[in-house]
Amino acid sequence: MNDAQEEGNGIPVQGRELRTPEARDFASLISICDDLAFVTGCAARILEEMAKGDDPQGDSGIVIRGLWAAALVAYKRCFSDGKRSFLSDTDVESLPLQGEVVEWHRFLKQMRDKHIAHSVNPFEEVRVLLFPQQAAEGVGVGHVLVKYMSSDEGGVRQLGDLANHLLELVHGRAEEQWNALLRTANQMSPEELAALKPYTHVIPGAEHANSARR
């Protein structure tokens, strides 16, 4: 999206945009907070579905599978180097949680990479079987599909706890960064404030699906 698009197709918002490294770091922290809040919400919703005790192949199974996949994608985003700052394994190690926290964290990332995003690991397999004794004429053919839907209740709770503690950690960093930005803004002169470009929100169209944001 270029400046012309912002001016011509955007929605003006009262305020002037600050484009400094500190502002970008703060934006990254807010984005990560949003992802982690989504993960905790997914975990809570999965537990609600599990409590129903419905057929795992029915509607609850679809909801659980969808929420688990979405939660792992959002969780992994928080640790991926891209357009925003990101968390690290060291951040996970610093959390006041008991047990094999780092191992579970790595399991979650591996599940996202090799099961959700790509069909690589043995948590999803389809085997073709022949049934010589079950066909009136010739040989019968069938298959067995084995697919990991989600963790059990304990694992889902661990995911929610992990995301919630990380959310508290990132929220604290965001608050510190916000206070620093506020101090900087209050030290700017009226001329410096006026020189900042008014912010215009642009809703990207389908043509931007393959584009990287600035």
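Above this text sits the structure in question.
Please read all numbers here as calculations on a predicted model, not as lab measurements.

Peer 1: Would you mind showing me how to read the pattern of salt bridges here?
Peer 2: Note on pairing: side chains with opposite charge can pair once their charged atoms come close. Under the defined criterion, the tally for this structure stands at 9 salt bridges. The shortest N-O distance in the salt bridge between E49 and K52 comes to 3.0 Å. One end of the pair, E49, and the other, K52, are both in helix 2 (residues 21-52), 3 residues apart, so they sit about a helical turn from each other. R157 is the partner of E153 in a salt bridge, and the nearest nitrogen-oxygen pair spans 3.0 Å. Of this pair, E153 and R157 both sit in helix 6 (residues 153-186), separated by 4 residues, roughly a single helical turn. In this structure R157 comes out as partly exposed when scored by relative accessible area, which is 43%. Ionic contacts of the salt-bridge type, sharing partners, join the residues R45, E48, E49 and K52 into one network.

Peer 1: Sorry if this is basic, but what is going on with the packing of aromatic side chains here?
Peer 2: Two numbers describe a pair of aromatic rings. These are the distance of the centres and the angle of the planes. Under the counting rule described, the total for this entry stands at 2 aromatic pairs. Note on Y75 and F79: the rings are 5.1 Å apart at their centroids and 45° apart in plane angle, and the pair reads as tilted. Exposure remark for Y75: the relative accessible area of 1% places this residue in the buried category. Seen from their ring centres, W104 and F107 are 4.9 Å apart, and the 20° between their planes marks the pair as stacked. Taken together, the residues W104 and F107, both in helix 5 (residues 101-116) and 3 residues apart, mark about one turn of the helix.

Peer 1: Teacher, can you tell me more about the nonpolar core here?
Peer 2: Counting residues in hydrophobic clusters, the biggest one holds 34 residues, and the most contacted among them are L36, Y75, L162 and L166. Going through the elements one at a time, helix 2, helix 3 (59-77), helix 5 and helix 6 are the ones with two or more residues in this core. With 9 residues, the single largest contributor to this core is helix 2. Look past the residues within four positions of Y75 in its chain and what remains in contact with it is V39, V92, H105, L108, K109, L159, L162 and L166.

Peer 1: Even after reading the chapter, I still don't get helix 3, so can you show me in this structure?
Peer 2: Within an α-helix, residues lying three or four positions from one another point in the same direction, as the helix has 3.6 residues per turn. With 19 residues, helix 3 should reach 27 Å at 1.5 Å per residue; the first-to-last C-alpha distance of 27 Å fits that figure. Those residues of helix 3 not exposed but buried are S60, G61, I64, L67, W68, A71, L72, A74, Y75 and K76. In this fold, the buried residues of helix 3 make contact with helix 2, helix 4 (89-93), helix 5 and helix 6.

Peer 1: Quick question: what am I supposed to make of helix 5 here?
Peer 2: Taking 1.5 Å of rise per residue, 16 residues should cover 22 Å, and helix 5 covers 21 Å from first to last C-alpha, within 8% of that figure. Listed as buried for helix 5 are V101, V102, W104, H105, L108, K109, M111 and H115.

Peer 1: Would you take a moment to explain the environment of Q158 for this structure?
Peer 2: Mapped onto the secondary structure, Q158 falls in helix 6. Q158 sits in the partly exposed class, given a relative accessible area of 43%. Separated by 57 residues in sequence, Q158 and V101 place their C-alpha atoms 8.6 Å apart.

About the cut-offs
- Residues numbered from 1 in each chain as written.
- Predicted model: local features only at pLDDT ≥ 70, side-chain atom pairs only at ≥ 80, totals over all residues.
- Heavy atoms only, no water.
- Salt bridge = Lys/Arg side-chain N within 4 Å of Asp/Glu carboxyl O.
- Helix = DSSP H or I, 4+ residues; strand = E, 2+ residues; numbered from the N terminus.
- Buried < 20%, exposed > 50% of the residue type's maximum accessible area, 1.4 Å probe, protein only.
- Phe/Tyr/Trp six-rings, centres within 6.5 Å; stacked < 30°, edge-to-face > 60°.
- Core = buried A, V, L, I, M, F, W, Y, C linked by side-chain atoms within 4.5 Å.
- Contact = heavy atoms within 4.5 Å.
- Expected span 1.5 Å × (residues − 1).

Read these as spatial facts, not as claims about activity.
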